[in-house]
Amino acid sequence: MRTLLTIVVFTTGLLGQNQGAASAPAGNAQNGRKLFENDGCYQCHGREAQGGLGTGPRLGPKPIPFAAVQKYIRQPTGQMPPYTAKVVSDKDLADIYAFLQSVPAPPPAKSIPLLNN
Amino acid sequence: MAKSKNLSVGRRGFLKGAAGGAAALVASAANPAAAQQPDSAGAGAARSASAAVTAPEKDPSSNVEVLTADRPGSDFMVDVIKALGFEYIFANPGSSFRALQESVVNYGGNKKPEFITCCHEESSVGMAHGYAKIEGKPICVFAHGTVGLQHASMAIYNAYCDRAPVFIVIGNTLDAATRRPGVEWAHSVQDGGALVRDFTKWDDTPMSLQHFAESAVRAYKIATTPPTMPVLLVADGDLQEGPMRPDERPHIPKMTWAAPPQGDSGAVAETARLLVNAETPVIIADRCARTTAGLKSLIELAELLQAPVINQFGRMNFPSRHPLSQNERGRALIADADLIFGLEVWDFWGTVNNFRDQLNRTSRPITKAGAKMIAISATDLNTRSNYQDFQRFPDLDISMAADSEATLPALTEACKRLITADLRRKYEERGKKLAEARLAAEDRMRTEASYAWDASPISTARVAAEIWAQVKGKDWSLVSNNAWAQRLWSFDKHYQHIGGAGGAGVGYNAPAAVGAAIANKKYGRLSVNIQPDGDMMYAPGVLWTAAHHSVPLLTVMHNNRAYHQEVMHLQRMANRHQRGITTAEIGTTLKNPNIDYAMLARSMGVHGEGPIADPKDLGPAIARAIEAVGRGEPALVDVVTQPR
């Protein structure tokens, strides 16, 4: 019953305007998608990085800057479990980030009849 | 347990009174109310359970063994059950209540109550739990003593935590001298209620039919007085099966619902003073509205104060599209509040604090300094020691040990007496801002729902939206907990949401949905269940029960092929230990083979659709399923979904 409250906790401050995309290291989006699944990111953030209710915020499209992602997953200040460099290398992280950048934007909500009932 | 020497009855006396007894029996079956009339001859001469077995087995003069009983004690027990108004008995059959079952079916005519065949005692109680939240009153469950009650225990705990009334009768043979050798010994117990006493509100082991009648009415009253909870009676096997004396007329006491406990008048007045003068009050409702009246009362208070309401959905407390419904902005409002008013909030502390589940568990308040906190909770009237569902202790300024729904009208009147014209103008301004903020938050929520809209597996937002599009024009009732439905659907009737399990014991949802659908059936409502897959596998037999008893219920599977909460917990541990972060699905998923829930449904006589993984196929499948439900049968749509 606390779901709706916790949603807001996790969705605060983790979505950006892609300001840091240019400074992100090159990554392989295809491999990043696999890592996103295998490393368990999808569990809280959804298989398309769309976010999960009460579990984790949306991560893409337009992820926050790479440096912020890297800092957060190594030393999360919220509920997220830490992903240290021992289990996710910087290279793997770059691939995951490339996947997040590749997520397509959805159609506008107002253009989806089912969301306007 | 001493035997009553005075109550044994001779063979001749028994035969002499048999005809009269049978006549009375028919009369009481046809008119249960008549059975409630006190009988001076019989009321004080009740037969004890042990005495029942002293009824003669042979006529000394003829040596003919008496093998039949025209008026077993179980018939009277059914009179009691009928007098309490139970529509149904939810039960998996068990020999320890075989006489009771036979009496329900033959003596009672299998009508009010009708015997509903369940495939597991946990399902019986889970169904009763769901039924109670629709009807606002308990249904009766029969269970085998010992083994049946052990099966039922988890569901009883859920109902206890969820403050839901359930009336449970278990069979047991207390007298060791009369037990059948073998199994009946394994199925007998000294103290039938002990197993679940920590999480039932009351139990008793009646030793006479008079005792049974009084304890049954007492149990019903206790179960339905807030905090409402499960109760249990032990129906002794000898008492059930032994014949009543011809002159035996136990009295069934009149059942009078207890007026629910209302908050202390001084505390109500002080709460009103604080509420009307608060600048940024927030009302948080969890299990507040027990009935439609509770929903209306909360609307009246919120509108009077133009105060935001956060519905934690333990019950259907507040219309989801009301301008003051501020679920999307919950945390921000709590952080800004100068007064937080909780109504039957299960976890008040957790609502106003942030807790981090890291290696070092830490917490901090999310409220601003000096914010006043007030709670009304009936749980304060019945807190137990062993099971820790009472949560961490919150810092409260006013705490009323009372029923919120019963207290709201007096509180609203107290507020009205204090509100000035200036205050009213201030409230109007507050209300306008809240309404605007709500619309903006709703826009953000719809945008959030649009992400992964066309994904496969199908997004949980899409599932909720597809269902809503097809049920919104009908008289519907959501008989499960679903976060996206809570955000996207328009809830405005009390029966449209029944909350969750209570104890978070998996295996609640599927049975509760069937029980709630049984309650909804007579009103012609479309019951909708968004069903987690892991939960379904605890009790798939409820599908058969729904088909067998023609229960109109639409089930849409939220099939993420996992016990997903546990996937995340295992991932957290692997990350914390910096190893094996790719193995969180071992032991936590339901894959390889994938479960075909549509086939499972069809195997039990339920209309089955799916599995559906392409969102384009979902709408037509739901439409076909609703058509089947419209014919009065259950239907299931298996949807392969995103995790959450």
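Since the structure is predicted, the reported quantities are computational estimates derived from the model, not experimental observations. The residue numbering used here restarts from 1 in each chain and proceeds along that chain's sequence as written. Chain A is the first chain written and ligand 1 is the first ligand written, with later ones labelled in order. In keeping with the model being predicted, local features are shown solely for residues with a pLDDT of at least 70 and side-chain atom pairs are shown and tallied solely at 80 or more, while totals for entire chains, interfaces and linings include all residues. The side-chain values count all of the structure's non-hydrogen atoms but skip hydrogen atoms and water molecules.

1. Side note on the overall build of chain A
Rules: What counts as a helix is a DSSP run of H or I of at least four residues, what counts as a strand is a run of E of at least two, and both are numbered from the N terminus. Per-residue accessibility takes into account occlusion by the displayed protein chains alone, with areas from the Shrake-Rupley method and a 1.4 Å probe.
A tally of helices and strands in chain A yields 5 helices and 0 strands. Accessible surface for chain A amounts to roughly 5,300 Å². Of this, 57% is attributable to carbon and sulfur atoms.

2. Regarding the overall build of chain B
Convention followed: We take the radius of gyration over the C-alpha atoms and set the globule estimate at 2.2 Å times the residue count to the 0.38 power. Throughout this description, buried means an accessible area under 20% of the type-specific maximum (1.4 Å probe, protein chains only), exposed means over 50%, and partly exposed covers the range between.
Looking only at helices and strands, one finds 24 helices and 18 strands in chain B. In terms of overall size, chain B behaves like a compact globule, its C-alpha atoms giving a radius of gyration of 27 Å where 644 residues would be expected to give roughly 26 Å. The C-alpha extent of chain B, read off along each of the three principal axes, is 90 × 60 × 50 Å. Within the span of chain B, comprising 644 residues, buried residues form 60% of the whole. Just so you have it, chain B exposes about 24,500 Å², and 52% of that area is on carbon and sulfur atoms.

3. Considering the confidence of the model for chain B
Residues and elements named next belong to chain B. Stated formally: A score from 0 to 100, pLDDT tells how confident the predictor is in each residue. We call two residues in contact when some of their heavy atoms are within 4.5 Å.
Scored by pLDDT, chain B comes out at a mean of 92, with 90% of its residues at no less than 70. Residue range residues 1–46 is modelled with pLDDT below 50. Its contacts to residues more than four positions away, or to other chains, number 65 contacts. The model gives residues 51–56 a pLDDT under 50, and that stretch makes 16 contacts with residues more than four places away or in other chains. Per the prediction output, this complex has pTM 0.91; the corresponding ipTM is 0.88.

4. Side note on the sheet that holds strand β12 (residues 372–376) of chain B
Residues and elements named next belong to chain B. Where we set the bar: Strand pairing is defined by DSSP finding a minimum of two bridges between the two strands. Note on definitions: angles span 0 to 180 degrees between N-to-C directions of axes, and those axes are lines fitted to C-alpha atoms, for helices only across the stretch in contact.
Here 5 strands make up an open sheet; going across it, the order is β8-β7-β9-β12-β13 and the pairing parallel. At either margin of the open sheet sits one strand with a lone partner, and together these are β8 (309–311) and β13 (398–400). Across the sheet, the mean angle separating the axes of adjacent strands is 15 degrees when strand polarity is ignored. The pairing of strand β7 (residues 281–285) with β8 spans 3 bridges and is classified as parallel. Looking across to β8, one finds that Ile 284 is bridged to Ile 310. Set on the sheet, helix α15 (residues 404–418) makes contact with β9 (339–343), β12 and β13; between it and β9 the angle comes to about 135 degrees.

5. Quick look at the pattern of salt bridges
All names here are of chain B. To keep things clear, this is the line we draw: The term salt bridge refers to a side-chain nitrogen of Lys or Arg lying within 4 Å of a carboxyl oxygen of Asp or Glu.
Per the stated rule, a full pass over the model turns up 38 salt bridges over all chains. Asp 357 is the salt-bridge partner of Arg 576, the closest N and O atoms lying 3.7 Å from each other. Taken together, the residues Arg 576 in helix α22 (residues 564–577) and Asp 357 in the loop between β10 (353–356) and β11 (362–365) connect sequence positions 219 residues apart. Judged by its relative accessible area of 19%, Asp 357 falls in the buried class.

6. Brief notes about helix α6 (residues 121–135) of chain B
Residues three or four positions apart in an α-helix share a direction because the helix packs 3.6 residues into each turn. In plain terms, the rule: Any helix carries an expected span of 1.5 Å times its number of residues minus one.
With 15 residues, α6(B) extends 21 Å between its outermost C-alpha atoms, agreeing within 8% with the 21 Å of an ideal straight helix rising 1.5 Å per residue. Remark: B:Gly136 follows α6(B) within two positions and exhibits a positive phi of approximately 75 degrees.

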